[in-house]
Amino acid sequence: MKAIKKKNVKNGPNRSHSRISLMESGMFEQFRFGWISALDDLKRKPFANILTICVIAISISLPTLCYLIWKNVNEAASVWYPTPQISVYLDKSLSDSAVNKLITDLKALEGVSEVIYLTREETLAEFKNYSGFSTALDLLEENPLPAVAIVTPQVDFDAGQSLRTLIERMSKLNGVDDVRADDNWFSRLASLTDLVGSISLLVGTLMVIALLLVISNSIRLTISMRKDAINIMKLIGATDGFIMRPFLYAGLLFGFSGAFLAVLLSQILMFFLSQSVSSVASVFETEFDLTGLRFDEMLIIILVCAMCGWFSAWLTTVKHLRHFNPE
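What counts, and at which threshold
Residues numbered from 1 in each chain as written. Predicted model: local features only at pLDDT ≥ 70, side-chain atom pairs only at ≥ 80, totals over all residues. Heavy atoms only, no water. UniProt positions renumbered as here; feature names shortened; annotations may be inferred. Helix = DSSP H or I, 4+ residues; strand = E, 2+ residues; numbered from the N terminus. Buried < 20%, exposed > 50% of the residue type's maximum accessible area, 1.4 Å probe, protein only. Contact = heavy atoms within 4.5 Å. Pairing = 2+ DSSP bridges. Axes fitted to C-alpha atoms, helices over the stretch in contact; angles between N-to-C directions. 1 Å grid on protein atoms, 1.4 Å probe; cavity = no way out; pocket = protein on both sides within 12 Å on 5 of 7 lines; lining within 4 Å. Points joined across faces, edges and corners; volume = space filled by probe spheres on them. Nonpolar A, V, L, I, M, F, W, Y, C, P; charged D, E, K, R; others polar. Expected span 1.5 Å × (residues − 1). Arc of directions from axis to C-beta.

Looking up the chain in an unreviewed UniProt entry gives the name Cell division protein FtsX, with the organism given as Thorsellia kenyensis. A UniProt comment under Subunit (unreviewed entry) is attached to the chain, and it reads "Forms a membrane-associated complex with FtsE." The chain has a UniProt comment under Subcellular location (unreviewed entry) that states "Cell inner membrane".

Structural data, given as structure tokens:
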């Protein structure tokens, strides 16, 4: 009895190890069967599946190109937009010490890069040079123009709210009569990039829906082709997970292949467009090169589309198996 017990104790870990090995080999065989079945389904109708992948690639290319347009417009605007300047008009009754204190307060504000102070005499001289009314102004007994502090803010292209906040803070300082911002071009370019970004988001949402519908339709047709095989697997006791696995892998392949082809097409189109953009930029005596997708952006697009394909196949397969009755 002791020998038998010792033998059982000795063989216990070996049995556990063998069970784990059997489970691992079974999972590997299921994984292998799922991929082989998915590839066989794709091989049965190669032309139709290639067309499906091309449709998916075009659906993904459209939002990808919209994103690239928004990205390059944003970069171009960030480089080319005119730096807005804020003109702070001082009260005429301020003394020299009060003016110096106000200029110090302006420089101390958060977001201020530079402050240029123009006295009333300097403001009048500049107005004469640029207005052409120097003779008429000489007839005036008193200088009607106030002293001006020209403020250059530390704002990025997409920081329109911070610029407005800075203007509000300046207008609340003691001794400030009026504040004017030369931000027309700033606002227009910011609105333009926001519009392009909104269009990109809308097109991207619609194309993702189209991607789900195209893959769902392809999986549905594949399920119809394998109806008899599904019926046999149901009769012999196959689980829904085992039956679903080839279709999930097929959806994953559709999403991955379409996204990979879309990324390739987008890069090719950006290469040809960059030559035209460079030619237009040379006409305006400037330089600008289009930037394509970075590696991390490519990876995100491929992974998201692959998961969308898997999710679409899962929804379609679950809906079919829920109402499937083996005969």
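Past the structure itself, the notes keep going.
Asker: Please provide a residue-by-residue account of the environment of Gly-255, values included.
Answerer: With respect to the helices and strands, the residue Gly-255 is situated in helix α9 (residues 240-283). For Gly-255, a relative accessible area of 0% corresponds to the buried category. In the structure, Gly-255 is positioned 51 residues away from Ala-306 in sequence and 4.2 Å away in space, judged by C-alpha atoms. Excluding anything up to four places from it in sequence, Gly-255 contacts Ile-215, Cys-305 and Ala-306.

Asker: I'd love a proper account of the sheet that holds strand β4 (residues 176-181), names of residues and values included.
Answerer: Read from one edge of the open sheet, 4 strands run β2-β3-β1-β4, paired in antiparallel fashion. In this open sheet, the two edge strands, each paired with only one partner strand, are β2 (112-118) and β4. Across the sheet, the mean angle from the axis of one strand to that of its neighbour is 20°, orientation sign disregarded. In terms of strand pairing, strand β1 (residues 86-90) meets β4 through 5 bridges, oriented antiparallel. Of the residues in β4, the one forming a bridge with Ser-87 is Arg-180.

Asker: Which residues make up the layout of surface pockets, and what are the values?
Answerer: In this structure, the largest pocket spans a volume of roughly 450 Å³. Looking at the largest pocket, it is lined by 20 residues, and the ones nearest its centre are Pro-63, Thr-64, Tyr-67, Gly-204 and Ile-301. For the lining of the largest pocket, the elements supplying multiple residues, two or more each, are α2 (46-80), α7 (184-225) and α10 (295-322). Examining the composition of the lining of the largest pocket, we find that 8 residues originate from one element, α7, more than from any other. Residue classes in the lining of the largest pocket are distributed as 13 nonpolar, 6 polar and 1 charged.

Asker: Could you give me a rundown of the environment of Gly-111, with the residues and numbers involved?
Answerer: Within the secondary structure, Gly-111 is located in the loop between α3 (96-108) and β2. Spatially, the C-alpha atoms of Gly-111 and Thr-165 are 9.7 Å apart, while their sequence positions differ by 54 residues. When sequence neighbours within four positions are dropped, the list of residues in contact with Gly-111 reads Pro-153, Gln-154 and Leu-166.

Asker: Lay out the pairing of strand β3 (residues 148-153) in plain terms, naming residues and giving numbers.
Answerer: The element β3 is extensively covered by neighbouring structure, given that 5 of its 6 residues are classed as buried. Summarising the sheet, β1 and β3 pair through 4 bridges and their orientation is antiparallel. By the bridge assignment, Val-88 is partnered in β3 with Ala-149. Summarising the sheet, β2 and β3 pair through 6 bridges and their orientation is antiparallel. Looking across to β3, one finds that Glu-114 is bridged to Thr-152.

Asker: Outline α3, supporting the account with residue identities and numerical values.
Answerer: End to end, α3 covers 18 Å across 13 residues, agreeing with the expected 18 Å (1.5 Å per residue, within 8%). Inspection of α3 places Val-99, Leu-102, Ile-103 and Leu-106 among the buried residues, and these make up the whole buried set. Looking straight down α3, one finds its buried side chains confined to an arc of 100°; they lie on one side. Exposed and oriented more than 90 degrees from the buried face of α3 are Ser-97, Lys-101 and Ala-108.

Asker: Provide a residue-level description of empty space enclosed by the protein, including the pertinent values.
Answerer: In this approach the atoms are scanned with a rolling probe the size of a water molecule, which exposes any empty space left behind. The full count for this structure, using the stated rule, is 1 cavity of 30 Å³ or more. Empty space within the largest cavity amounts to approximately 30 Å³. Lining the largest cavity are Asp-41, Leu-42, Asn-49, Thr-222, Ala-250 and Phe-254. Mapped onto the lining of the largest cavity, the elements with two or more residues apiece are α1 (2-44) and α9. Taken together, the residues of the lining of the largest cavity break down into 3 nonpolar, 2 polar and 1 charged.

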